[in-house]
Amino acid sequence: YYTEVNGASGGVAVVNLGGRDTNDLIWKNVNFSTADKRKLIFKCASDEARTMYLSIDGAAPVELKVADTDGKFIAISHEVELSAGGHEIRLFNPWSKMPVIDRMMVQEVR
C-alpha cells in the first residue's frame, strides 16, 4: 500500500512489499514508440540491506540489491533493451521484505 513518507517525490511511497509472491509492485502498459536500450531507475529507501527482483514481461528475474540507506531515498538502476510497444515491469521478493519504493523513472541510454 502507499502512505506518506518523508523524502518521497510525491510525498507518498509504496511500503510493506515482499514476503510473498503476490505482494509485488507492477507497472502495466509501460509503452515505448521505438526499440532502444533504456535504464530503469527505481528510487527506494530502506533501514537495512534488502533485495528485490525485477522481471520484465514475465522474463527471468534480475536481482537488485539495496544497501542500508538510513531511510533516505537512493536510485537503483538496471539497463535493458526494450522493444517498441507495451511492457509490464514487476518488482517482487517472495521471501523477504523489500525496500520502500518511491517511483520508477526511465531513461534512454546513449
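Please read these numbers as outputs of a predicted model, since none were measured by experiment.

Draft legend 1. Focus on the packing of aromatic side chains. Applying the stated criterion across every chain yields a total of 3 aromatic pairs. Look at Trp27 and Phe42: their rings are 5.8 Å apart centre to centre, the planes differ by 40°, and that puts the pair in the tilted class. Separated by 15 residues along the polypeptide, Trp27 in strand E3 (residues 25–32) and Phe42 in strand E4 (residues 36–45) bring together distant segments of the chain. Classification of Phe42 as buried rests on a relative accessible area of 0%. Judged by centre distance (5.8 Å) and plane angle (35°), the rings of Tyr53 and Phe92 are tilted. One end of the pair, Tyr53, is in strand E5 (residues 50–56); the other, Phe92, is in strand E8 (residues 85–92), with 39 residues separating them in the sequence. Of the two residues, Tyr53 and Phe92, neither departs from the other in class, the shared state being buried.

Draft legend 2. Summary view of the nonpolar core. By size, the foremost hydrophobic cluster in this structure holds 21 residues, and its most contacted members are Leu40, Phe42, Met52, Leu54, Ile89 and Leu91. Beyond its immediate stretch of four places on either side in the chain, Leu54 contacts Leu40, Phe42, Ala60, Pro61, Val62, Leu64, His78, Ile89, Arg90 and Leu91. Judged by nonpolar contacts, the second largest core, of 6 residues, contains Val5, Ala8, Val15 and Phe73.

Draft legend 3. Here's a closer look at unusual backbone geometry. The phi angle at Asn16 is positive, at roughly 60°, despite the residue not being glycine. Along the chain, Asn16 falls in the loop between strand E2 (12–14) and E3.

Draft legend 4. Local environment of the environment of Lys39. Along the chain, Lys39 turns up in strand E4. Expressed as a C-alpha distance, the spacing of Lys39 and Gly86, which sit 47 residues apart in the sequence, is 16 Å. Apart from the residues within four sequence positions on either side, Lys39 is in contact with Ser77, His78, Glu79, Met105, Val106, Gln107 and Val109.

Draft legend 5. Broad picture of the pattern of salt bridges. Throughout the structure, instances matching the rule amount to 9 salt bridges. For the salt bridge of Arg50 with Glu48, the shortest nitrogen-to-oxygen distance reads 3.2 Å. Connected through salt bridges with shared partners, the residues Asp21, Asp24 and Arg90 form a single ionic network.

Draft legend 6. Expanded view of the sheet that holds strand E6 (residues 62–66). Spatially, E3-E8-E5-E6 is the arrangement adopted by the 4 strands of the open sheet, whose pairing is antiparallel. The two strands at the open ends of the sheet, each matched to only one other strand, are E3 and E6. Across the sheet, the mean angle from the axis of one strand to that of its neighbour is 25°, orientation sign disregarded.

Cut-offs applied
- The written sequence of each chain sets the order in which its residues are numbered from 1.
- Predicted model: local features are reported for residues with pLDDT of at least 70 only, side-chain atom pairs are reported and counted for 80 or more only, and whole-chain, interface and lining totals are derived from all residues.
- Computation of side-chain values: all heavy atoms of the structure, hydrogens and water removed.
- Think of it this way: a Phe, Tyr or Trp ring, Trp meaning its six-membered ring, pairs with another when their centres are within 6.5 Å, and the plane angle makes it stacked under 30 degrees, edge-to-face over 60, tilted otherwise.
- Helix and strand assignments follow DSSP, with helices taken as H or I runs no shorter than four residues and strands as E runs no shorter than two, numbered in order from the N terminus.
- For each residue, the accessible area found with a 1.4 Å probe, counting protein chains only, is set against the maximum for its type, and the residue is called buried under 20%, exposed over 50%, and partly exposed in between.
- To define a nonpolar core, start from buried Ala, Val, Leu, Ile, Met, Phe, Trp, Tyr and Cys residues and group those joined through side-chain atoms within 4.5 Å.
- Two residues form a contact once any of their heavy atoms are found within 4.5 Å.
- Any Lys or Arg side-chain nitrogen located within 4 Å of an Asp or Glu carboxyl oxygen qualifies as a salt bridge.
- When DSSP locates at least two bridges between a pair of strands, those strands are taken to pair.
- Under this scheme, a helix contributes an axis fitted over its contacting stretch, all axes are lines through C-alpha atoms, and angles between N-to-C directions fall in the 0 to 180 degree range.

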